Every structure is written in structure tokens, then in C-alpha cells.
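# Structure assessment
Residues per chain are reported as follows:
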Amino acid sequence: MTVHFIGAGPGDPDLITVKGQRLIASCPVCLYAGSLVPEAVVACAPEGARVIDTAPLALDEIVAEMEAAHAKGQDVARVHSGDPSLYGAIAEQVRRLRALGIPFDITPGVPAYAAAAAAMGQELTIPEVAQTVILTRTAMKSSSMPEGEDLATLGASRATLAIHLSVRNLLEIERQLAPLYGADCPVVVAYRVGWPDQTFVRGTIGDIREKVRAAKLTRTALVFVGRVFENHEFPDSALYDAAQPHILRPKRRA
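Residues numbered from 1 in each chain as written. Predicted model: local features only at pLDDT ≥ 70, side-chain atom pairs only at ≥ 80, totals over all residues. Heavy atoms only, no water.

For the chain, an unreviewed UniProt entry supplies the name Precorrin-4/cobalt-precorrin-4 C11-methyltransferase and the organism Tropicimonas isoalkanivorans. Taken directly from UniProt, the Sequence similarities (unreviewed entry) text for the chain runs: "Belongs to the precorrin methyltransferase family." Within the UniProt record for the chain, the comment given under Pathway (unreviewed entry) is "Cofactor biosynthesis; adenosylcobalamin biosynthesis." (UniProt positions renumbered as here; feature names shortened; annotations may be inferred.)

A few words now on the pattern of salt bridges. Throughout the structure, instances matching the rule amount to nine salt bridges. Residues Arg96 and Asp60 are paired through a salt bridge, measuring 2.9 Å at the closest nitrogen-oxygen approach. One end of the pair, Arg96, is in helix H3 (residues 91-100); the other, Asp60, is in helix H2 (residues 59-72), and 36 residues separate them in sequence. Ionic pairing is found between Asp184 and Arg227, a salt bridge with its closest N-O pair at 2.8 Å. Separated by 43 residues along the polypeptide, Asp184 in the loop between helix H6 (170-181) and strand S8 (186-191) and Arg227 in the segment after strand S10 (221-225) bring together distant segments of the chain. By relative accessible area, Arg227 is classed as partly exposed at 25%. Salt bridges linked by common partners bring Asp184, Arg227 and Glu230 together as one network. (Salt bridge = Lys/Arg side-chain N within 4 Å of Asp/Glu carboxyl O. Helix = DSSP H or I, 4+ residues; strand = E, 2+ residues; numbered from the N terminus. Buried < 20%, exposed > 50% of the residue type's maximum accessible area, 1.4 Å probe, protein only.)

It is worth spelling out the sheet that holds strand S6 (residues 133-137) at this point. Ordered by their spatial adjacency, five strands build an open sheet running S6-S7-S10-S8-S9, and the pairing between neighbours is mixed. On the outer flanks of this sheet lie S6 and strand S9 (199-204), each paired with one strand and no other. Neighbour-to-neighbour, the strand axes of this sheet turn through a mean angle of 20°, independent of strand direction. Across five bridges, the pairing between S8 and S10 is antiparallel. Of the residues in S10, the one forming a bridge with Val189 is Val223. (Pairing = 2+ DSSP bridges. Axes fitted to C-alpha atoms, helices over the stretch in contact; angles between N-to-C directions.)

Quick look at the nonpolar core now. In terms of nonpolar packing, the biggest core is built from 23 residues, with Ile163, Leu177, Val189, Val212, Val223 and Val225 touching the most fellow members. Sort the elements by how many residues they give to this core and H6 lands first, with four residues. When sequence neighbours within four positions are dropped, the list of residues in contact with Val212 reads Val167, Leu170, Val189, Val201 and Leu217. (Core = buried A, V, L, I, M, F, W, Y, C linked by side-chain atoms within 4.5 Å. Contact = heavy atoms within 4.5 Å.)

Okay, the domain arrangement of the chain next. Here the chain is partitioned into domain 1 (3-107) and domain 2 (112-225). The straight-line distance from the C-alpha centre of domain 1 to that of domain 2 is 28 Å. The partner domain 2 presents twelve residues to the nine residues of domain 1 that form the contact. Three residues stand out in domain 1 for area buried against domain 2, namely Pro10, Leu86 and Tyr87, and they jointly supply 61% of the buried area on that side. Scanning the region where domain 1 abuts domain 2 turns up zero salt bridges. (Domains from an automatic or database assignment. Buried area = accessible area lost by both parts, 1.4 Å probe.)

Of the residues making up H3, those classed as buried are Gln93, Val94 and Leu97. Angularly, the buried residues of H3 cover 100° about the axis, an arc narrow enough to put them on a single face. H3 presents Ala91, Arg95, Arg98 and Ala99 as exposed residues on the side facing more than 90 degrees away from its buried surface. Residues of H3 that are buried make contact with strand S1 (3-7), H2, strand S4 (76-80) and strand S5 (104-107). Positive phi appears at Gly101, one or two residues downstream of H3, with a value of about 70°. (Arc of directions from axis to C-beta.)

Bringing the sheet that holds S5 into the picture now. In spatial order, the strands read S3-S2-S4-S1-S5; together these five strands make up an open sheet with parallel pairing. Bordering the open sheet on either side are strand S3 (50-53) and S5, each of which pairs with just one other strand. Adjacent strand axes in the sheet meet at a mean angle of 15° when their direction is disregarded. Its contacts with the sheet put helix H1 (residues 18-26) on S1, S4 and S5, and the angle it makes with S1 is roughly 135°. Strands in contact with H3 are S1, S4 and S5; relative to S1, the strand with the most contacts, it is inclined by about 165°.

What follows is the structure, encoded as C-alpha cells:
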């Protein structure tokens with residue numbers, strides 16, 4: 001018996017991995033985070049499977065379902081949105097399973113920031129503009145941020161920022177980042193990436209708050225900040241440069 005933590009991707013049922021879908025289709029118990037994972041993702045669960053939306057459940061109740069399945073020798077598909085390694089709240093579940101001696105494994109999924117970039121037709125690392133992407137969040141009602149991980153510290157890098165769980169904290173984002181990136185720095189708010197009502201709101205650090213308020217977006221959104229979203233004048237990378245030899249292209253081409 002194994003508890004399979006599965007990344008379902010950001011919402012589009014087609015963006016789950018083949019392995020993840022196969023595991024869901026083979027497990028007699030399926031626990032999925034229904035607030036962020038659409039039912040279509042778990043529709044492939046086998047006939048008669050115990051399929052439970054865990055959105056209204058507390059940690060103890062979720063682990064109890066896993067324990068019950070373990071006692072019966074039944075594999076569990078534990079389906080999370082995006083990729084479980086990013087804000088997936090699996091660490092406390094894994095800690096409980098280890099303490100109980102229940103086997104588990106993890107199948108990665110497409111993270112929201114990658115799906116959003118794909119939907120925008122956007123590379124997040126552009127030569128000589130930004131070569132670093134920082135995935136972070138801000139502290140509101142959730143747990144506090146560790147020391148040194150505030151936006152002012154991270155933003156000093158001028159890297160591309162993908163700020164999770166923070167669409168209701170845009171005033172603080174503006175306050176901390178405007179002095180570093182400039183009030184005119186582009187911002188993109190990606191709402192419900194991969195869902196039918198997917199929306200992108202574009203603006204700047206200085207005006208994005210009003211635009212998001214007008215669009216009435218209050219949750220399930222990812223905030224991108226960076227000059228990559230405005231810059232179309234940049235040098236080609238060396239990767240495909242005919243004058244740049246490398247191990248698989250050892251000779252310069254005319």
C-alpha cells in the first residue's frame with residue numbers, strides 16, 4: 001500500500017502527467033483538494049473508488065482516511081494542485097505518514113507559474129534582462145515569512161518574481177517593490193491559470209492594484225513582476241548561435 005502524492009497541474013485536466021493520471025485511475029481511494037483541483041482531473045478514478053474532496057477537512061481527518069486505507073491495503077491517490085513541492089502543504093502530511101510507517105511517493109505536476117508563462121507565450125529568463133526566477137509569497141493570514149525572505153530583500157536582485165497567494169496584498173507589493181523595480185515595471189496577474197475562466201491582467205507596479213480591483217480578482221491568482229514582460233529588444237542567446245561552438249556543435253558555422 002502506498003499514498004501517492006500527485007501534482008494535478010494548475011487546472012487544465014490535460015496538464016496532468018501520464019504517470020499521475022495512471023495512478024489516479026488505479027487507486028481505490030482518491031483524496032483531492034477540490035478548491036483547486038477540478039473534478040475532471042479525478043474523473044478517471046476507478047468505478048467504485050472512494051473519492052473525497054478534502055477542501056472542508058482538517059489535517060487529522062485527511063490522515064485518518066489514509067490510515068483507514070492503509071489498514072485495508074488500499075493505495076491512495078492524494079491529488080494536489082500544481083506541483084506538490086510548491087505551497088502544496090504536503091510536508092505535514094508526509095511527516096504524519098513517516099511517523100505512522102505508511103509508505104508514500106510523490107509525482108510532480110506542472111506548476112502554475114510555468115503554465116501561466118506558457119499561456120502568455122512568455123519566457124521568464126531573457127538574456128541580459130533576467131536570468132533568475134524567484135518563487136515566493138507574502139505574509140497575510142497564513143504563516144509568517146522567514147527572516148530574509150521579505151520582498152524588499154528578494155527584490156533587490158531585480159529578478160523575475162512569481163508571487164503566490166498575494167493578490168490581496170498588492171498594496172504591500174507596490175510599497176516594497178516600487179523603489180527597487182520602478183513604479184513603471186510591468187506586472188501580470190494570472191487568474192485561475194488552466195481553468196476555463198483563465199484571465200491575465202497586465203499593468204505596472206504603480207497601477208496594477210486598481211486594475212485588479214476593477215477586475216474583482218480576490219483569490220486563485222499569481223502575481224508576476226519583472227522587466228521580462230516588456231522587453232522585446234534583447235540579444236539572442238548563445239545556445240543556437242552559429243558562431244558559438246559547444247560540445248554538440250564543436251565547429252563554428254559561417
